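The primary structure of each chain is shown beneath.
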Amino acid sequence: MTPDNLKTDFDEIFKGVIVPFFKDLGFKRKTHHFARQINDITQCFNVQKSQWNSYHDSLSFTFNLGFYNETIRTLSWGQEIPTEFPKTTDCFIQDRLGTYSHKRDQWYELSKRVDRNKVAEQIKNDLDKYLKPLFGEYQSLDDLKKFSEKNTGFLLSPYGQIVFLMLTGQIEEGKQFIKEQYKISLTPQTITDTINFPDGTKKENTRTYINQHYIDSIERLAKHYDIEL
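The structure displayed is predicted, hence computed values, not measured ones.

1. A few points about the packing of helix 6 (residues 158–167) against helix 8 (residues 212–224)
Direction vectors running N to C along helix 6 and helix 8 enclose 10 degrees, while the axes themselves pass 11 Å from each other. The angle between the axes of helix 6 and helix 8 places the two elements in the roughly parallel class. Between helix 6, through Pro158, Tyr159, Ile162 and Val163, and helix 8, the contact on the second element is made entirely by His213, Tyr214, Ser217, Ile218 and Leu221. Each residue belonging to the contact of helix 6 with helix 8 can be placed in one class, and the counts come to seven nonpolar, two polar and no charged.

2. Considerations on the packing of aromatic side chains
Note on aromatic pairs: each is described by the distance of the centres and the angle between the planes. Counted under the stated rule, the structure contains 19 aromatic pairs. Residues Phe10 and Phe61 carry aromatic rings whose centres are separated by 5.1 Å and whose planes lie at 75 degrees to one another, so their mutual orientation is edge-to-face. Of the two residues, Phe10 is situated in helix 1 (residues 3–24) and Phe61 in strand 4 (residues 58–68); the sequence distance between them amounts to 51 residues. Across from the ring centre of Phe10, 4.4 Å away, lies the NZ or CZ of Lys49, which sits over that ring. For the cation-ring pair, Arg207 lies above Tyr209, with the distance from its terminal atom to the ring centre recorded as 5.4 Å.

3. Let's talk about the layout of surface pockets
The volume enclosed by the largest pocket comes to roughly 290 Å³. Around the largest pocket sit 19 residues that line it, and Ser76, Trp77, Cys91, Phe92 and Ser157 are the ones nearest its centre. Counting only elements with at least two residues in the lining of the largest pocket, the list comes to helix 2 (70–77), helix 6 and helix 8. Split into classes, the residues belonging to the lining of the largest pocket amount to eight nonpolar, eight polar and three charged. The set of elements that each furnish at least two residues to the lining of the second largest pocket consists of strand 2 (33–38) and strand 3 (41–49). Tallied by class, residues from the lining of the second largest pocket come to five nonpolar, five polar and five charged.

4. As for the nonpolar core
Among the nonpolar cores identified, the biggest contains 56 residues, and Phe61, Phe67, Ile123, Leu131 and Leu144 are the most heavily contacted of them. Looking at this core element by element, the count peaks at nine residues for helix 1. Among all residues touching Ile123, those that are not within four sequence positions of it are Ile13, Val17, Ile18, Phe61, Phe63 and Tyr108. Grouped together as the second largest cluster of nonpolar side chains are five residues, Cys44, Tyr68, Phe85 and Cys91 included.

5. A few points about the side chain of Asp95
Along the polypeptide, Asp95 turns up in strand 5 (residues 93–96). For Asp95, the side chain forms a polar contact with the side chain of Tyr100, separated by 2.8 Å.

6. Describing the side chain of Thr83
Turning to its location among the elements, Thr83 is positioned in the loop between helix 2 and strand 5. In terms of polar contacts, Thr83 uses its side chain to reach the side chain of Arg73, at 3.4 Å. Polar side-chain contacts of Thr83 include one of 2.9 Å to the backbone oxygen of Ile81. Residues in contact with Thr83, not counting those within four places in the same chain, are Tyr68, Glu70, Arg73 and Asp90.

7. Brief notes about unusual backbone geometry
Most peptide bonds adopt trans geometry, and most residues besides glycine take a negative phi value. In this structure, Asn39 is a non-glycine residue whose phi angle is positive, near 55 degrees. Following the sequence through the fold, Asn39 ends up in the loop between strand 2 and strand 3. One non-glycine residue, Asp226, lies in the positive phi region at around 55 degrees.

8. Observations regarding helix 2
Regarding helix 2, the residues found buried are Ile72, Arg73, Thr74, Leu75 and Ser76. In this fold, the buried residues of helix 2 make contact with strand 4, helix 5 (141–150), helix 6 and helix 8. The N-capping residue of helix 2, defined by a side-chain oxygen 3.0 Å from the backbone nitrogen of Thr71, is Asn69. Just downstream of helix 2, Gly78 is the residue with a positive phi angle, here 80 degrees.

9. Remarks on helix 5
Every buried residue of helix 5 is listed here: Leu141, Asp143, Leu144 and Phe147. Burial along helix 5 is one-sided: seen end-on, the buried residues are contained in an arc of 135 degrees. Of the exposed residues in helix 5, the ones pointing more than 90 degrees away from its buried face are Asp142 and Glu149.

Calculation notes
- Residues numbered from 1 in each chain as written.
- Predicted model: local features only at pLDDT ≥ 70, side-chain atom pairs only at ≥ 80, totals over all residues.
- Heavy atoms only, no water.
- Axes fitted to C-alpha atoms, helices over the stretch in contact; angles between N-to-C directions.
- Helix = DSSP H or I, 4+ residues; strand = E, 2+ residues; numbered from the N terminus.
- Parallel < 35°, antiparallel > 145°, perpendicular 65-115°, else oblique.
- Contact = heavy atoms within 4.5 Å.
- Nonpolar A, V, L, I, M, F, W, Y, C, P; charged D, E, K, R; others polar.
- Phe/Tyr/Trp six-rings, centres within 6.5 Å; stacked < 30°, edge-to-face > 60°.
- Lys NZ or Arg CZ within 6 Å of the ring centre and 35° of its normal.
- 1 Å grid on protein atoms, 1.4 Å probe; cavity = no way out; pocket = protein on both sides within 12 Å on 5 of 7 lines; lining within 4 Å.
- Points joined across faces, edges and corners; volume = space filled by probe spheres on them.
- Core = buried A, V, L, I, M, F, W, Y, C linked by side-chain atoms within 4.5 Å.
- Buried < 20%, exposed > 50% of the residue type's maximum accessible area, 1.4 Å probe, protein only.
- Polar contact = N/O pair within 3.5 Å; in protein donor to acceptor, adjacent residues only side chain to side chain.
- Arc of directions from axis to C-beta.

In structure tokens:
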């Protein structure tokens, strides 16, 4: 199978299965990114191709999903960052669809060894059976309180989690969490770098440091919410 055929197979699945699915749900699209504003959040989805794709032998891709909120992003970063079209990398909650459809990180593969139609069927099934109910159930910050209780593996920065807790009325949890994070931020971190020389010998350099940006960010959020550290 030639590179052009692999790209054609991917494009046909993308345009024939993925795009119609999100169009029916009212999502907007930019290249391989999809987003839908609903209540106080934006639901985001992304088709990510593997950086190791050869296009000669195989083409692999996976699905990312996320939930975005402008206030959480602004307070987490400490500044307004205009975002007309949020992407999964902008989201305060991020995950892979495979976490729900396969209980693991799932990559779909197109190659001469794989029937393209079966891949298309699998994708349609995963979107209908797992993603549609997920986006149907979690449509607001309050809904995501339940999500955070049920799912512990999603990516949520300490800053985003602080703002999320405060925005959803979990005040005491937010106060406790920010104090815990402040203690962590003040704890010196040790990093060891290993240098490998051509003759096979190694040299290790160890350094200890305190992340001042981490401290400043926690202090900024504590001040915003009038929390005494």
